[in-house]
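Structure at a glance
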Amino acid sequence: MIVARDLHKRFGSVVAVDGVSLDAADGQITGLLGPNGAGKTTFLRLLYGLMLPDSGSVRVDDLDVVRDPLSVQASIGVLPDALGLYPRLTAREHVRYFGQLQGLRGGALEDRVEALLERLDMRSIADRRTQGFSQGERMKVSLARALVHGPNNVILDEPTNGLDVMSTRAMRKLIRELRDEGKCVLFSSHVMQEVSALCDVIVLVARGRVVARGTPDELRQQSGCADLEDAFVALTAAKASPPAA
Ligand SMILES: Nc1ncnc2c1ncn2[C@@H]1O[C@H](COP(=O)(O)OP(=O)(O)OP(=O)(O)O)[C@@H](O)[C@H]1O
């Protein structure tokens, strides 16, 4: 479970995150939806401890991200916006290396690596160096290394970015499976259809603030628009108001 309270982050004169609170529950898919530059990536980075907030707090499975970063890393898996692979390592070596960083060793590590290569259909690329990998292949490696330690919380920054239809479907299936395993899944997107196809709860952000939250039906009601895309446009265009409880 991820709980954020009144997070603020600015870069010089740019206010990227302006008082965002969020509860992402276990066994649920929470979607962070917002237009380009809304502050989604910055907010996610605050959640997994890559950046420190100017103020506010984050707790992951009741551990404070700032005070207890190592314990939090063990219970969180992150697909970041920049996939950042090592070009000379193979796909398998990436997954194994990240497993080692999480303290896995020996047979347990190898079993886990094999299981992920199988689950993500990576057999044909497992022993190729990642240099030259396609976007879909890069995404799989990045996802496998995020999941290698079996984290209870999974944060995915634009997980279907640049993927074709088949890969997008495979990614959606995996996200649903993670939810059904009881994990807390939080992902960001600027695509309404993506979020509405997957999410139990949508948190709509604009200009660094939460402007609405709820199920797709609730967002339609709040905006007075029958079409979800119209609802997205109407709600993000509306004056940002303090986050609802
Ligand atoms: N390291 C940084 N230094 C300066 N400004 C930054 C930095 N990171 C983000 N910003 C600014 O903060 C704002 C929010 O950016 P962020 O990347 O969080 O938005 P986003 O919702 O993820 O956008 P997108 O959907 O386009 O990826 C933007 O105005 C961006 O330029």
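In the nomenclature of an unreviewed UniProt entry, the protein chain corresponds to Sodium ABC tranporter ATP-binding protein NatA from the organism Plesiocystis pacifica SIR-1. Listed under Sequence similarities (unreviewed entry) in UniProt, the entry text for the protein chain is "Belongs to the ABC transporter superfamily."

Further remarks concern the overall build of the protein chain. Counting secondary structure elements, the protein chain contains nine helices and ten strands. At 18 Å, the protein chain has a C-alpha radius of gyration in line with the 18 Å of a compact globule built from 245 residues. Reported as C-alpha extents along the three principal axes, the dimensions of the protein chain are approximately 55 × 40 × 35 Å. Burial status across the protein chain gives 42% buried among its 245 residues. A separation threshold of at least 6 residues defines the contact pool for the protein chain, and within that pool the share at least 24 residues apart is 68%.

Before going further, it helps to spend a moment on the UniProt feature "domain: ABC transporter" (unreviewed entry) in the protein chain. Listed under "domain: ABC transporter" (unreviewed entry) in the UniProt record, and renumbered for this structure, are residues 2-232. Annotated as residues 2-232, this span is 38% helix and 27% strand, and its ends, taken at the C-alpha atoms, are 24 Å apart.

With that out of the way, let us pick up the sheet that holds strand β3 (residues 28-33). If you trace the six strands from one edge of the open sheet to the other, you get β6-β7-β8-β3-β9-β10, paired in mixed fashion. Single-partner strands in this sheet number two, and they are β6 (76-79) and β10 (209-214). Each strand of the sheet is rotated relative to its neighbour by a mean of 15°, with strand direction disregarded. Here strand β9 (residues 201-206) runs beside β10; their pairing, made up of five bridges, is antiparallel.

The next point concerns unusual backbone geometry. Phi is positive for D6, which is not a glycine, with a value near 50°. Within the secondary structure, D6 is located in strand β1 (residues 2-11). You can call D6 partly exposed: it has 15 C-beta atoms within 10 Å. Even without being a glycine, R207 presents a positive backbone phi close to 50°.

Between helix α8 (residues 216-223) and helix α9 (residues 228-237), whose axes approach to 9 Å, the crossing angle comes to 55°. As summarised for this structure, α8 and α9 are arranged oblique, according to the angle between their axes. Remark: the crossing between α8 and α9 carries left-handed chirality. Within the contact between the two elements, α8 uses P216, L219, R220, Q222 and S223 and α9 uses L228, A231, A234 and L235. For the contact of α8 with α9, the residue count by class is six nonpolar, two polar and one charged.

In this section: the nonpolar core. Membership of the largest hydrophobic core comes to 68 residues, with the highest contact counts inside it found for L47, A144, I155, V203, L204 and V205. Setting aside its immediate chain neighbours within four residues, I155 contacts L44, L47, Y48, I76, V78 and L186.

Moving on: the site of the ligand. Close contacts around the ligand come from F11, V14, A16, G34, N36, G37, A38, G39, K40, T41, T42 and H190, and that covers them all. For the shell around the ligand, the elements supplying multiple residues, two or more each, are β2 (14-24) and α1 (40-47). In terms of residues, the shell around the ligand owes the most to one element, α1, which gives three residues. Partitioned by chemical class, the residues of the shell around the ligand number four nonpolar, seven polar and one charged.

The set of residues buried in α9 consists of A231, F232, L235 and T236. Looking straight down α9, one finds that the buried residues subtend no more than 115° of arc, so they occupy a single side. In α9, the exposed residues that point more than 90 degrees away from the buried face are E229 and A237. Residues of α9 that are buried make contact with β3, α7 (192-198), β9, β10 and α8.

Let us now look at the sheet that holds strand β4 (residues 55-60). Ordered in space as β2-β1-β4-β5, the four strands form an open sheet in which the pairing is antiparallel. Looking at the sheet topology across the chains shown, the edges are occupied by β2 and β5 (63-64). Here eight bridges tie β1 to β2, and the two strands are oriented antiparallel to one another. By the bridge assignment, V3 is partnered in β2 with D23. Those strands touched by α1 are β1, β2 and β4, and its axis lies near 120° from that of β1.

Looking now at the pairing of β9. Burial analysis of β9 places six of its six residues in the buried class, which makes it a mostly covered element. Following β9, the chain reverses through two residues before pairing antiparallel with β10; R207 in that reversal takes a positive phi of roughly 50°.

About the criteria used
- Residues numbered from 1 in each chain as written.
- Predicted model: local features only at pLDDT ≥ 70, side-chain atom pairs only at ≥ 80, totals over all residues.
- UniProt positions renumbered as here; feature names shortened; annotations may be inferred.
- Helix = DSSP H or I, 4+ residues; strand = E, 2+ residues; numbered from the N terminus.
- Rg over C-alpha atoms; globule rule 2.2 N^0.38 Å.
- Buried ≥ 20, exposed ≤ 12 C-beta atoms within 10 Å, placed from the backbone.
- Contact = placed C-beta atoms within 7 Å.
- Pairing = 2+ DSSP bridges.
- Axes fitted to C-alpha atoms, helices over the stretch in contact; angles between N-to-C directions.
- Parallel < 35°, antiparallel > 145°, perpendicular 65-115°, else oblique.
- Left-handed = near helix turned anticlockwise from the far one by under 90°.
- Nonpolar A, V, L, I, M, F, W, Y, C, P; charged D, E, K, R; others polar.
- Core = buried A, V, L, I, M, F, W, Y, C linked by C-beta atoms within 7 Å.
- Near = placed C-beta within 6 Å.
- Arc of directions from axis to C-beta.

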